[in-house]
Amino acid sequence: MIEQDFLLYVKDLTKVFIIGGRFLGVKLVAVNKESFSLPLNKPEIFTIAGETGSGKTTLARMILGLIEPTSGEIYYKGEKITDLNYKKNRLKFMREVQPIFQNPFEAFNPLKRVDSYLFNTAINFGFAQNRQEAMEVIDRSLQAVGLSLKEIEKRYPHELSGGQLQRVSIARALITTPSLLVADEPVSMVDASLRMSIVNLFKDLKEKYGVSVLYITHDLTTAYYISDRIAIMYRGNIVEMGPVEKVMLKPLHPYTKLLIESVPEPDIDKRWQGEIKLSAQEVKEFSKLGCKFSDRCEDAKDICFKEEPKKIFVDDRWIMCHRYIS
Ligand SMILES: Nc1ncnc2c1ncn2[C@@H]1O[C@H](COP(=O)(O)OP(=O)(O)O)[C@@H](O)[C@H]1O
Ligand SMILES: [Mg+2]
């Protein structure tokens, strides 16, 4: 079976949100029948990049099991994790697939010492039997991210910088010797001057410990430096996916070209919180016929407004654009 050959295999994954009431609401297809995979025995940094609202977080949350897909399947090491049976027994998955969240200050309780999280992880997942053993395991993980237990012992979150705290959350994730980190905008809350050093850690972890990383970002600069492969998302679809040099140095999809030319700035205020209110225009774009990018595309043909393009393989990458379908 094909799914056995992959660390992660995402197939036709779809998430539809109903905005404004169960019966009269509008359907918003946040992720639209998307598929991709990460190889099993070859650690890789796979980046999903796109503007705010393109569906990146929804995709990550489905993979982590935090929200239910509307349809489609996810396999981890050949096992279908979207199965009910698998969900009941998620311990192995929770140990091997670790999330890294956007805001480290939200991931830690301000009233709890940060080392308590590390001790809990080491002991609860069975990586240490007692405090002494835990200290060794924790110190090793902290060393891997350029810190030490001495530096953070007895400290509270507000006593550390955003960059240090994000390193601590990566160290916490490493305690369980994961195969995959799912990092959703892990440096967007970190000082710009420190971003590169933190994303470089992912590269380090891949090379030294064989950890794969699903790196989710709207920041193409960091993506370029650390990724092996990249997928560009637009309105719920991966419109171009392939080796990072190919996609970023010789982009083919009109949206990838636009994105690379404009290199968008992070807009933290735009992040949704609680209830979502989309503008009429946004909802229209999500439910429009044909290629979702057609209204913004300078080369749109008739067919682009009518039919969703199929994915085709051109010059080493997958691309979803009528221009390349002969
Ligand atoms: N819980 C939700 N309810 C309704 N709509 C949502 C919800 N979560 C996300 N969305 C919508 O889905 C789309 C994709 O959002 P998201 O996955 O957060 O994108 P990104 O992470 O790329 O910014 C957005 O239009 C967003 O408003
Ligand atoms: Mg997001």
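Below you will find a few notes about this structure. Note that the structure is predicted; figures quoted are calculated from it, not measured. Counting of residues starts from 1 at the beginning of each chain's written sequence and follows it residue by residue. Chains carry letters from A onward and ligands carry numbers from 1 onward, assigned in written order. For this predicted model, a pLDDT threshold of at least 70 governs which residues receive local features, and a threshold of 80 or more governs which side-chain atom pairs are given and counted, while totals over whole chains, interfaces and linings are taken from all residues. Side-chain metrics rest on all non-hydrogen atoms present in the structure, leaving aside hydrogens and water.

### So, the overall build of the chain
Then comes step 1: What the chain contains, in helices and strands, is 13 helices and twelve strands.
Then comes step 2: Our radius of gyration is a C-alpha quantity, and the globule rule it is checked against amounts to 2.2 Å times the number of residues to the power 0.38. For 326 residues, the compact-globule estimate of 2.2 N^0.38 gives 20 Å, and the C-alpha radius of gyration of the chain, at 20 Å, lies within 12% of that figure.
Then comes step 3: C-alpha extents for the chain along the principal axes are approximately 70 × 45 × 40 Å.
Then comes step 4: Relative to its full complement of 326 residues, the chain shows a buried share of 49%.
Then comes step 5: Contacts are assigned to residue pairs with any non-hydrogen atoms lying within 4.5 Å of each other. When contacts within the chain are restricted to residue pairs at least 6 apart in sequence, long-range pairs at least 24 apart make up 65% of them.
Then comes step 6: Values of accessible area rely on a 1.4 Å probe in the Shrake-Rupley scheme; residue burial ignores everything except the protein chains shown. Carbon together with sulfur atoms contributes 52% to the accessible area of the chain, which is approximately 16200 Å² in total.
Then comes step 7: Averaging the positions of the 46 positive and the 43 negative side-chain charges in the chain gives two centres separated by 3 Å. The numbering of helices and of strands both runs from the N terminus, where a helix is a DSSP run of H or I of at least 4 residues and a strand a run of E of at least 2. Only protein chains enter the accessibility calculation, which uses a 1.4 Å probe; a residue whose area is less than 20% of its type maximum is buried, one above 50% is exposed, and one in between is partly exposed. The convention is simple: Lys and Arg are positive, Asp and Glu are negative, and His and the chain ends are not counted. Note that the charge is assigned to NZ on lysines, CZ on arginines, CG on aspartates and CD on glutamates.

### Focus: the packing of aromatic side chains
Then comes step 1: Centres within 6.5 Å are what make two rings of Phe, Tyr or Trp a pair, Trp counting through its six-membered ring; a difference in plane orientation under 30 degrees is then read as stacked, over 60 as edge-to-face, and the rest as tilted. Within the structure shown, the criterion is met by eleven aromatic pairs.
Then comes step 2: Between phenylalanine 6 and tyrosine 9 the ring centres are 5.4 Å apart and the planes differ by 25°, which places this aromatic pair in the stacked class. Like phenylalanine 6, the residue tyrosine 9 is buried in the burial classification.
Then comes step 3: Put simply, the rings of Phe6, Tyr9 and Tyr75 pair up and form one aromatic cluster.
Then comes step 4: Across the ring face of tyrosine 117, the terminal group of lysine 112 is positioned such that the distance to the ring centre comes to 5.1 Å.
Then comes step 5: One cation-aromatic arrangement involves arginine 131 over phenylalanine 119; the distance from NZ or CZ to the ring centre is 3.9 Å. We call a charge positioned over a ring when the NZ of a Lys or the CZ of an Arg lies within 6 Å of the ring centre and within 35 degrees of the ring normal.

### Structural notes on the environment of serine 193
Then comes step 1: For serine 193, the location among the structural elements is in helix α9 (residues 192-209).
Then comes step 2: Owing to a relative accessible area of 60%, serine 193 belongs among the exposed residues under this scheme.

### Quick look at the sheet that holds strand β10 (residues 237-243)
Then comes step 1: The eight strands are arranged β6-β7-β8-β3-β9-β10-β12-β11 in an open sheet whose pairing can be described as mixed. If you trace the sheet from one side to the other, it starts and ends with β6 (97-100) and β11 (311-314), each paired once. With direction set aside, neighbouring strand axes in the sheet form an average angle of 20°.
Then comes step 2: Between N-to-C directions, angles span 0 to 180 degrees; the directions come from axes that are lines fitted to C-alpha atoms, helices contributing only their stretch in contact. Running over the sheet, helix α8 (residues 162-174) touches β6 and β7 (180-184) and is turned about 170° from β6.
Then comes step 3: In the packing of helix α12 (residues 254-262) onto the sheet, contacts are made with β9 (229-234) and β10, and the angle to β9 comes to roughly 100°. Criterion used throughout: strands pair if DSSP finds at least two bridges between them.

### Re the sheet that holds strand β1 (residues 6-19)
Then comes step 1: The sheet built from four strands is open, its strands ordered β2-β1-β4-β5 with antiparallel pairing. Looking at strand neighbours, the two that pair on one side only are β2 (26-39) and β5 (79-80), the edges of this open sheet.
Then comes step 2: Direction of pairing for strand β4 (residues 71-76) relative to β5: antiparallel, over a ladder of two bridges. Within β5, the residue paired with tyrosine 76 across the bridge is glutamate 79.
Then comes step 3: Together, β1, β2 and β4 form the strand contacts of helix α1 (residues 56-63), whose direction differs from that of β1 by roughly 120°.

### What about the nonpolar core?
Then comes step 1: One finds Ile138, Leu142, Ile170, Phe202, Tyr215 and Ile230 to be the most contacted residues of the largest nonpolar core, which totals 54 residues.
Then comes step 2: Of all the elements, α8 adds the most residues to this core, at six residues.
Then comes step 3: With residues up to four places along the chain from it excluded, the contact list for leucine 142 reads Leu118, Leu147, Ser148, Leu149, Ile152, Val168 and Ala171.
Then comes step 4: Take the buried residues of types Ala, Val, Leu, Ile, Met, Phe, Trp, Tyr and Cys, join any two whose side-chain atoms come within 4.5 Å, and each joined set is a nonpolar core. With 29 residues, the next largest nonpolar core counts Leu7, Ile74, Tyr76 and Ile238 among its residues.

These results come straight from atomic positions and should not be treated as a statement about function.
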